[in-house]
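Residue-level structure breakdown
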Amino acid sequence: MTHISVKVDGATYEDDVEPRLLLIHYLRDRLGLTGTPIGCDTSNCGTCTVELDGTAVKSCTVLAVQADGSEVTTVQGLAHDGEWTALQRTFHERHALQCGYCTPGMIMAARDLLREHPHPTPDEVRHGLEGNICRCTGYQNIVRAVLDASEEEVTA
Amino acid sequence: MSETVEREVGRARYRKEDAHLITGQTNWTDNISVTGLLHIAILRSPMAHARIDRVDVSAALERPGVIAAFSGRDVAQEMGSLPCAWPVAEDTVVPDHPPVAVDEVRYAGDPVAVVVARDRYTAADALEAIEVDYTPLPAALDIEGALTDGAPLVHSDKGTERLHVAVRGRAPALRPRGRPRQPYGGVHDRHPADPGDPGAGAPGPRPGDGGGRGGGARLARGYPAG
């Protein structure tokens with residue numbers, strides 16, 4: 001067992017974990033933060049994307065011990081006092097989700113994209129989100145939602 | 001004085017169900033945990049085609065935290081063969097389809113044995129303790145090759161690789177004139193499972209169902225459960 005100290009969505013957790021425990025299992029099974037789903041377990045689908053110190057990572061391919069001393073942000077940590085972030089709002093307004101399973105990962109990956117490319121072209125959005133799979137929307141509205149959000153001020 | 005009623009047809013509507021989906025508050029099937037929930041791990045064939053000479057799960061059973069371990073034969077004795085729910089034509093050939101391979105593996109990834117354990121890591125570890133002896137068999141790697149005479153058969157007891165003859169498209173009268181029917185010439189890729197599009201289920205009674213009744217399951221197909 002290895003001792004870790006991780007700040008997740010603003011709260012600090014101290015835990016002893018097996019060195020091989022995956023970050024996604026730590027978040028879901030240990031902390032009960034089930035807002036981040038698991039799609040494939042193999043880093044194909046991007047559903048489990050979270051931010052580790054401000055960079056998007058697929059949490060099924062990161063060990064919990066790698067997050068020691070770091071700050072993790074999940075989709076559950078975005079809205080404050082019931083107020084959605086720009087991406088959450090534009091995903092809703094643009095009908096950029098149907099079943100919603102990929103949405104947490106899409107939004108977290110899109111945040112990372114917009115930090116690197118604050119004003120992306122549609123091609124850059126598609127390229128930037130290529131690691132995230134959606135089975136419902138056909139991506140058109142996801143791209144529109146990200147472009148809409150890029151025109152607003154996005155808080156990192 | 002007249003009151004104007006706004007037209008409903010053609011009017012854009014925002015979805016009502018987005019609030020929990022975009023804030024991570026949905027109850028997905030995978031979130032459901034019941035007391036005593038067990039996890040399985042599946043040992044899969046590393047070969048495209050092989051005879052299974054022996055499966056021994058006894059060492060896996062000795063691992064702490066392992067509740068049960070099954071070979072394909074164990075599972076078949078309990079469950080038999082999975083039925084074909086939709087034989088699409090009268091001449092459809094329906095081979096046996098045991099849920100876990102019994103005598104032969106027919107693709108890389110074919111399930112060979114199953115471990116049930118207290119948690120998913122213990123289950124996955126215990127797969128290492130399962131012993132399987134294979135005798136490799138020749139495999140056909142594309143559709144065309146599989147249909148040539150003398151090609152290795154997926155189900156040798158059926159004597160053919162042709163499952164049925166499909167008539168695609170509408171009735172011949174509706175096919176554009178002069179356009180002959182084309183034989184199927186598709187290429188099949190190494191098809192992975194479709195992440196994000198699973199069927200899922202959680203066994204056990206729903207909370208509030210009156211606990212003592214026992215059976216039941218919550219099922220979903222990529223949709224939230226509740």
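Attention in this report is confined to the structure presented alongside it. Computed from a predicted structure; not experimentally measured. (Residues numbered from 1 in each chain as written. Chains lettered and ligands numbered in written order. Predicted model: local features only at pLDDT ≥ 70, side-chain atom pairs only at ≥ 80, totals over all residues. Heavy atoms only, no water.)

Comments concerning the packing of helix α2 (residues 86-93) of chain A against helix α5 (residues 140-150) of chain A
Residue and element names in this part refer to chain A. Packing of α2 against α5 brings their axes to within 8 Å, and their N-to-C directions diverge by 140°. On the basis of the axis angle, α2 is oblique to α5. Crossing of α2 over α5 shows right-handed handedness. Seen from α2, the contacting residues are Ala86, Leu87, Thr90 and Phe91; seen from α5, they are Ile142, Ala145, Val146, Asp148 and Ala149. Its residues assigned to classes, the contact of α2 with α5 comprises seven nonpolar, one polar and one charged. (Axes fitted to C-alpha atoms, helices over the stretch in contact; angles between N-to-C directions. Helix = DSSP H or I, 4+ residues; strand = E, 2+ residues; numbered from the N terminus. Parallel < 35°, antiparallel > 145°, perpendicular 65-115°, else oblique. Left-handed = near helix turned anticlockwise from the far one by under 90°. Contact = heavy atoms within 4.5 Å. Nonpolar A, V, L, I, M, F, W, Y, C, P; charged D, E, K, R; others polar.)

Concerning the pattern of salt bridges
Within the structure shown, the criterion is met by 21 salt bridges over all chains. We note a salt bridge from Arg120 of chain B to Asp29 of chain A, for which the minimum N-O separation is 2.9 Å. Taken together, the residues Arg120 of chain B in helix α4 (residues 120-126) and Asp29 of chain A in helix α1 (residues 23-30) connect one chain to another. In this structure Arg120 of chain B comes out as partly exposed when scored by relative accessible area, which is 25%. By relative accessible area, Asp29 of chain A is classed as partly exposed at 48%. Arg15 of chain B is the salt-bridge partner of Glu17 of chain B, the closest N and O atoms lying 3.6 Å from each other. Assessed through its relative accessible area of 42%, Glu17 of chain B is described here as partly exposed. The class of Arg15 of chain B is buried, set by a relative accessible area of 12%. Overlapping salt bridges bring together Glu6, Glu8, Arg11 and Arg13 of chain B as one network. (Salt bridge = Lys/Arg side-chain N within 4 Å of Asp/Glu carboxyl O. Buried < 20%, exposed > 50% of the residue type's maximum accessible area, 1.4 Å probe, protein only.)

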